[in-house]
Amino acid sequence: TVVKSWQRMPTQLLQEWSQREHRPKPWYSSVRPWERGKFRQKVYLEDPKNKDASLEFIAANDSDSQFEAKEHAAMVALLKVQGTLPLERKMPDPYAGLWKASAAAASAPSKFEPKARAKAP
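Keep in mind the model is a prediction, meaning the values are calculated, not measured.

Caption draft 1: Summary view of the overall build of the chain. A tally of regular secondary structure across the chain gives three helices and three strands. Each helix and strand of the chain, ordered N terminal to C terminal, gives the series α-β-β-β-α-α. Looking at the chain as a whole, 30% of its 121 residues qualify as buried. Across the chain, contacts joining residues at least 24 apart in sequence account for 47% of those joining residues at least 6 apart. In the form shown here, the chain has an accessible surface area of approximately 8,600 Å², with 52% of it arising from carbon and sulfur atoms.

Written out as structure tokens, the structure is:
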């Protein structure tokens, strides 16, 4: 992945968010992948004041490398904590497209949620 001087990887954006929110640095750990030879990671965002309010995110899919798995876990966390922001402007190409698609899917109404019914006049 080629990163230009003004672009940030998802892990960098998540670390910047943690600093802004006065949280400790996010930490990552490996999770058992679905397929052999692949990688998966989870990210843990600790809340210094309330341990029950700490957040943990795991990427849904396996990745080809440990680096990619870490970036995907950070992307999942960013979608939760900053999902409404246009962060694709700050990310390099493969992650910008993934951010747009994921943010659009997150904002789209779920087919399992009840739809609001129009009132009869």
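Caption draft 2: Broad picture of helix α2 (residues 66–82). Between the first and last C-alpha of α2 there are 24 Å, a value that for 17 residues agrees with the 24 Å anticipated at 1.5 Å per step. Turning to α2, its buried residues number three or more, namely Ala69, Glu71, Ala73, Ala74, Met75, Ala77, Leu78 and Gln82.

Caption draft 3: Focus on the sheet that holds strand β2 (residues 40–45). If you trace the three strands from one edge of the open sheet to the other, you get β1-β2-β3, paired in antiparallel fashion. Either end of the sheet is taken by a strand with one partner, and the two such strands are β1 (27–31) and β3 (55–58). The average angle at which neighbouring strand axes cross in this sheet is 25 degrees, direction not considered. Its contacts with the sheet place helix α1 (residues 10–20) against β1 and β2, and it is angled at close to 15 degrees to β2. Sitting on the sheet, α2 touches β1, β2 and β3, and the angle it makes with β2 is about 40 degrees.

Calculation criteria
Residues numbered from 1 in each chain as written. Predicted model: local features only at pLDDT ≥ 70, side-chain atom pairs only at ≥ 80, totals over all residues. Heavy atoms only, no water. Helix = DSSP H or I, 4+ residues; strand = E, 2+ residues; numbered from the N terminus. Buried < 20%, exposed > 50% of the residue type's maximum accessible area, 1.4 Å probe, protein only. Contact = heavy atoms within 4.5 Å. Areas by Shrake-Rupley, 256 points an atom, 1.4 Å probe, with all protein chains shown as cover. Expected span 1.5 Å × (residues − 1). Pairing = 2+ DSSP bridges. Axes fitted to C-alpha atoms, helices over the stretch in contact; angles between N-to-C directions.

So, to be careful, I would describe these as geometric facts and stop short of saying anything about function.
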